[in-house]
Amino acid sequence: MAGMRGRQTVRDMFLSMAVIGVVVAAIYMFIPHDDTPAPVKAVDYRVELVTARRAAPYPVLAPVGLAETWRPTSVTYERQNADAWHLGYLDPDGEYVAVEQSTAPAKKFVAEVSHQAENTGETQQVAGETWQRWKGPKYDALARTEGDATTVVTGTASYGRLAEMAAALEADKATDKAGRTAGTEPGTGASAETVAEESR
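*Asks:* Explain the side chain of Glu164 here, please?
*Replies:* Mapped onto the elements, Glu164 comes out in helix α4 (residues 159–168). Assessed through its relative accessible area of 1%, Glu164 is described here as buried.

Below you can see the structure in the form of structure tokens.
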């Protein structure tokens, strides 16, 4: 009798669990679900840009002339961290592109912000400047050092898009509400899109 009661108890437990599972599944089915990712909100980085340009010991760069389909998503300036300037964007293809600058040792800094990309030994000309190509498992990068500061354009985007961002970088142009100004790339007479096409 004890054995029979034990089997009944186990059976009743499984039946109860099955009923609970059916109820939970039914509730899940009837609750509306929206799996669409929340849209990325563009940030206005004008204040941070002005602050960084006043504080940094190097010319802080930001893009000028990018199309509206480029969306700024993040910005920081850390004076105590080797004057590190960061500006993150989503490109027109939805890929990530970041502008990173710092007075930290170049090799270590580039590897850090590009998630351990490595110098390929190749260079790329962008808007009259020579950039080093770095390639990594997560991010690729274009990097150049001038004076005490290293500038890196890195992310999941193609080298063409990285070059488009690099070509748009300027030190002190006025920017609009989204951190952009319209027009051609200074000194080139070509749009950022044209530079990107030539770099592919």
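*Asks:* So what exactly am I meant to see when it comes to the pattern of salt bridges here?
*Replies:* When their charged atoms lie close together, side chains carrying opposite charge are able to pair. In this structure the tally under the stated criterion is seven salt bridges. The closest approach of N and O atoms between Arg46 and Asp44, which form a salt bridge, is 2.9 Å. The partly exposed category is assigned to Arg46, whose relative accessible area is 35%. On the accessibility criterion, Asp44 (36% relative accessible area) is partly exposed. The partner of Arg144 in a salt bridge is Glu146, with the nearest N and O atoms 3.1 Å apart. A cluster of three or more residues bridged by salt bridges with shared partners is formed by Asp91, Asp93, Arg161 and Glu164.

*Asks:* Got a minute to help me understand unusual backbone geometry in this structure?
*Replies:* In most cases, non-glycine residues show a negative phi, while peptide bonds are predominantly trans. One non-glycine residue, Ala82, lies in positive phi territory at about 55 degrees. With respect to the helices, strands and loops of the structure, Ala82 is situated in the loop between β2 (71–78) and β3 (84–90). At Asp83, a position not held by glycine, the phi torsion is positive, near 50 degrees.

*Asks:* Mind showing me how you'd approach the packing of aromatic side chains here?
*Replies:* The geometry of an aromatic ring pair comes down to the distance between the two centres and the angle between the two planes. Within this structure, the stated rule accounts for three aromatic pairs. Between Trp70 and Tyr89, the ring centres sit 6.2 Å apart and the planes meet at 70 degrees, which makes this aromatic pair edge-to-face. One end of the pair, Trp70, is in the loop between β1 (62–63) and β2; the other, Tyr89, is in strand β3, and 19 residues separate them in sequence. Its relative accessible area of 0% is what places Tyr89 among the buried residues. Here the aromatic residues Tyr45, Trp70 and Tyr89 are joined through ring pairs into a cluster of three or more. If you follow Arg133 out to its NZ or CZ, it ends over the ring of Tyr159, 4.0 Å from the centre. The ring of Trp131 has Arg144 sitting right over it, with the charged end atom 5.7 Å from the ring centre.

What counts and how
Throughout, a residue's number is its position along its own chain's written sequence, starting from 1. In view of the model being predicted, local features appear only for residues whose pLDDT reaches at least 70, and side-chain atom pairs are presented and counted only at 80 or more, with totals across whole chains, interfaces and linings using the full set of residues. Side-chain numbers come from the whole structure's heavy atoms, not from hydrogens or water. Runs of E in the DSSP output that reach at least two residues are strands. Runs of H or I that reach at least four are helices, and both are numbered from the N terminus. Categorising residues by exposure relies on relative accessible area from a 1.4 Å probe, with only protein chains included: less than 20% of the type maximum marks a residue as buried, more than 50% marks it as exposed, and the intermediate range marks it as partly exposed. Salt bridges, as used here, are contacts in which a Lys or Arg side-chain nitrogen is within 4 Å of a carboxyl oxygen on Asp or Glu. Pairing of aromatic side chains requires ring centres within 6.5 Å, counting the rings of Phe and Tyr and the six-membered ring of Trp. Pairs whose planes differ by under 30 degrees are stacked, by over 60 edge-to-face, and all others tilted. Here, over-ring charges are defined by two tests on the NZ atom of lysine or the CZ atom of arginine: distance to the ring centre within 6 Å, and angle to the ring normal within 35 degrees.

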